[in-house]
Amino acid sequence: MNSTRRRLTRSARGAAEAATRLMASARRTVGDRVRAARGLLPGGRHLALTWSITDDYGGMTAAMLTRTRAFVRHGGVTVDVLTLDEQSDYPSREALLRERGEFVDGMRLLNLWEWLRTHRLPGGSLQLERHAFTPLPVPDATGTGAGTAEPAPGSPRITELRRGDHVISRSRWSDDGERELQVDHYRLDGTLLLSDRRDAEGGGRSLVLCDATGTPVRSWGKIWHLYSAWLDRLTQRRPTYLIVDSKTAAPFVGEYRRSHVSTVHLVHASHLVGTERPIGRLRESRRSVFENLEAFDAVAVLSERQRSDVEALLGRKPNLVVARNVREGRPLGEPAARTDVAAGVMLASLEKRKRVSHAIRAVAGQRALAADRALSGATPGPAATLDVF
């Protein structure tokens, strides 16, 4: 009898908790729709550009996705998340992100190469006399040639990227295997999509786009020119708001100037080498952007301190603003969870730039102070703890 009563009690408690979660979700959904109806963000195309979204993405990507969800839920807009890298299966990646709630209705994931496989990119010109076009050989039915682990003596080293049975790209490497000299991208039906020579004559680059039959139709001498053509096609002269989070993609956006596109670069980390500030040495990975901040309509940093440091080093910048990362709070009416004020949690990769040691030293210092207060007869308060994940 007691065990039956306990089961019924647990079942009732579980049902009550489920009902509470359902009501909270409903309140959030209604609130989101009301805020979206107000149109808190300007109309037009909204784009969030980053280099890639991987399985093990970190804080920058998580912050970008949180901000994008907020734009959709509270701003009354739809947002396309753009990526530029080649991966084996971006459609499956988007499906997984939706399943996990990282992508919501009103968000799309558009990858450059996936988009090119199913869309035309008209305009431009084809200049094969300037842009070399030498597609990689396709392996025969026996599987020899491209994709073999041990190429024949004197033949180029070629690797493949596959999606199931489909080869979506082939790469030719230098003899030492360190440099990718050429990448040929393919549609899922096997036709050549684009050939990218990175060892063109004179050390240049040659990109040749092909139509659905594998016939060359357009060419470029720089990858940024292809990126620009893609963005031009996506925006189609409509008012567009483009936010770039990735420091890898930011230099390109600084050069992409269109009268209908407003560009914002959101800086997620320090612009300086080491801890010397504010007059320090710019990181090489950020130098080209920070020496040309005026190229963006706005550059956002995460703190007032960083903005002060930037202006102390580079002078006042009218387009430099502070925009802290968005945090998703609990729905209205949902009670706050009880927290242990002395319990600390740090979620970070174990690498020097995350400064996990700083948090450990801070907690150790607090525990030492608490111990000293106890020895002196004062009320020490709870000793801090830190869990690092």
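As the structure is a computational prediction, the values presented were derived from the model and not from experiment.

What counts and what doesn't
- Residues numbered from 1 in each chain as written.
- Predicted model: local features only at pLDDT ≥ 70, side-chain atom pairs only at ≥ 80, totals over all residues.
- Heavy atoms only, no water.
- Patch = residues over 30% accessible without salt bridge, like charges linked within 9 Å, V, L, I, M, F, W, Y side chains within 5 Å.
- Areas by Shrake-Rupley, 256 points an atom, 1.4 Å probe, with all protein chains shown as cover.
- Salt bridge = Lys/Arg side-chain N within 4 Å of Asp/Glu carboxyl O.
- Helix = DSSP H or I, 4+ residues; strand = E, 2+ residues; numbered from the N terminus.
- Core = buried A, V, L, I, M, F, W, Y, C linked by side-chain atoms within 4.5 Å.
- Buried < 20%, exposed > 50% of the residue type's maximum accessible area, 1.4 Å probe, protein only.
- Contact = heavy atoms within 4.5 Å.
- Pairing = 2+ DSSP bridges.
- Axes fitted to C-alpha atoms, helices over the stretch in contact; angles between N-to-C directions.
- Polar contact = N/O pair within 3.5 Å; in protein donor to acceptor, adjacent residues only side chain to side chain.

Asker: How would you summarise a nonpolar patch on the surface if you had to cite specific residues and measurements?
Answerer: A cluster of nonpolar side chains, namely Leu-350, Ile-360 and Val-388, defines an oily patch on the protein surface of about 300 Å² accessible area. Take Leu-350: it is sitting in the loop between strand 14 (343-346) and helix 9 (356-375).

Asker: How would you sum up the nonpolar core? Please name residues and give values.
Answerer: Counting residues in hydrophobic clusters, the biggest one holds 41 residues, and the most contacted among them are Leu-49 and Leu-226. Of all the elements, helix 5 (residues 223-235) adds the most residues to this core, at 7 residues. In this view, Leu-49 contacts Leu-82, Leu-84, Leu-242, Ile-243, Val-244, Asp-245, Ser-246, Ala-249, Phe-252 and Val-253; residues no more than four positions away in its chain are not counted. Counting residues in each nonpolar core, the second largest holds 15 residues, with Val-77, Val-79, Val-81 and Leu-97 among its members.

Asker: Outline the sheet that holds strand 9 (residues 216-220), supporting the account with residue identities and numerical values.
Answerer: The strand order 4-5-6-7-8-9 describes an open sheet built from 6 strands, whose pairing is antiparallel. Of all the strands in the sheet, just strand 4 (157-163) and strand 9 have a single pairing partner and so form its edges. The mean angle between the axes of side-by-side strands here comes to 15 degrees, regardless of whether they run parallel or antiparallel. Where strand 5 (residues 166-173) lies against strand 6 (residues 180-186), 5 bridges are found, and the strand directions are antiparallel. Residue Arg-170 lies in a different strand from strand 6, and its bridge partner there is Asp-184. Sheet contacts for helix 5: strand 7 (192-197), strand 8 (206-210) and strand 9; angle to strand 9, the most-contacted strand, approximately 115 degrees.

Asker: So what about the pattern of salt bridges? Which residues, and what values?
Answerer: Pairs may arise between side chains of opposite charge once their charged atoms sit close together. Per the counting criterion, the structure on display carries 24 salt bridges. Notably, a salt bridge pairs Glu-160 with Arg-170, separated by 3.1 Å at the nearest N-O pair. Placement of Glu-160 in strand 4 and of Arg-170 in strand 5 is noted, with a sequence separation of 10 residues between them. In this structure, Lys-317 and Glu-294 form a salt bridge, with 2.7 Å as the shortest nitrogen-oxygen distance. Within this pair, whereas Lys-317 is found in the loop between helix 8 (304-314) and strand 13 (320-322), its partner Glu-294 is found in the loop between helix 7 (284-290) and strand 12 (298-301), the two being separated by 23 residues in sequence. The class of Lys-317 is buried, set by a relative accessible area of 13%. Taken together, the salt bridges that share partners define one network made up of Glu-86, Asp-89, Glu-114, Arg-117 and Arg-163.

Asker: Give a detailed account of the environment of Asp-85, specifying residues and quantitative values.
Answerer: On the secondary structure map, Asp-85 appears in the loop between strand 2 (79-83) and helix 3 (90-99). On the basis of relative accessibility, which here comes to 10%, the residue Asp-85 falls in the buried class. Each C-alpha atom, one on Asp-85 and one on Thr-50, is 9.3 Å from the other, the two residues being 35 residues apart in sequence. Filtering out sequence-adjacent residues up to four positions away, Asp-85 remains in contact with Trp-51, Ser-52, Tyr-90, Asn-111 and Trp-113. Engagement of the side chain of Asp-85 in a polar contact is seen with the side chain of Gln-87, the distance being 2.8 Å.

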